[in-house]
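# An overview of the molecular structure
Each chain, written out:
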Amino acid sequence: QVQLVESGGGLVQPGGSLRLSCAASGSIFRIVDMGWFRQAPGKERELVATYNSGGARNYVDSVKGRFTISRDNAKNTVDLQMNSPKHDDTDVYYCNNRVYTDHQNWGDYWGPGTQVTVSS
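To keep things clear, this report deals only with the structure shown in the data block.

About the cut-offs
- Residues numbered from 1 in each chain as written.
- Predicted model: local features only at pLDDT ≥ 70, side-chain atom pairs only at ≥ 80, totals over all residues.
- Heavy atoms only, no water.
- Phe/Tyr/Trp six-rings, centres within 6.5 Å; stacked < 30°, edge-to-face > 60°.
- Lys NZ or Arg CZ within 6 Å of the ring centre and 35° of its normal.
- Helix = DSSP H or I, 4+ residues; strand = E, 2+ residues; numbered from the N terminus.
- Buried < 20%, exposed > 50% of the residue type's maximum accessible area, 1.4 Å probe, protein only.
- Contact = heavy atoms within 4.5 Å.
- Pairing = 2+ DSSP bridges.
- Axes fitted to C-alpha atoms, helices over the stretch in contact; angles between N-to-C directions.
- Polar contact = N/O pair within 3.5 Å; in protein donor to acceptor, adjacent residues only side chain to side chain.

### Focus on the packing of aromatic side chains
Applying the stated rule across the entire model yields one aromatic pair. The ring of tyrosine 100 has arginine 30 lying over it, and the distance from NZ or CZ to the ring centre is 4.8 Å. Seen from the ring of tryptophan 110, arginine 45 lies directly overhead, with NZ or CZ sitting 4.4 Å from the centre.

Here it is in structure tokens:
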């Protein structure tokens, strides 16, 4: 099994910053893709940012220029730096990794989520 745990969530002011971190553990052969999603009650889950194994990073338009995704392959972590967060960024944020557990078998794994609240 593979487990993901998010940390760093909490309350942040609109002019502040917040850094989310996700740590993967378990039967990891290699991690291919890493990403962050978010979801509000009654809303569709939204892809926020992805970082693939080739170094390509993608962001949803609403966070471009404000959020930065990074990964540390040696530590099996992926972070999301949130600068100048807005009220609309208030959501539960979920970490997602595509993980090979051996040379042939892989799966998509999710963390339990961490709450981010943007309020003055």
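Still to come is the rest of the account.
### Things to note about the environment of methionine 82
Of note, methionine 82 is situated in strand S8 (residues 77-83). For methionine 82, a relative accessible area of 0% gives the class buried. Methionine 82 sits 65 residues away from serine 17 along the chain, and the two C-alpha atoms are 5.5 Å apart. The contacts of methionine 82, once residues within four sequence positions are left out, are Gly16, Ser17, Leu18, Leu20, Arg66, Phe67, Tyr93 and Val116.

### A look at the sheet that holds strand S1 (residues 2-7)
Pairing within the open sheet is antiparallel, and its four strands lie in the order S1-S3-S8-S7. Each edge of the open sheet is held by one strand with a lone partner, namely S1 and strand S7 (67-72). On average, each strand axis in the sheet is inclined to that of its neighbour by 15°, with strand direction left out of account. Inspection of the sheet shows S7 paired to S8 by six bridges, in the antiparallel sense.

### Structural notes on the environment of aspartate 79
Tracing the sequence through the fold places aspartate 79 in strand S8. The exposure class assigned to aspartate 79 is buried, which follows from its relative accessible area of 13%. Sequence separation between aspartate 79 and aspartate 102 is 23 residues; the distance between their C-alpha atoms is 24 Å. Aspartate 79 has contacts with Arg19, Leu20, Ser21, Cys22, Trp36, Thr68, Ile69 and Ser70, leaving out every residue within four places of it along the chain. Looking at aspartate 79, its side chain comes within polar contact range of the side chain of serine 21, at 2.9 Å.

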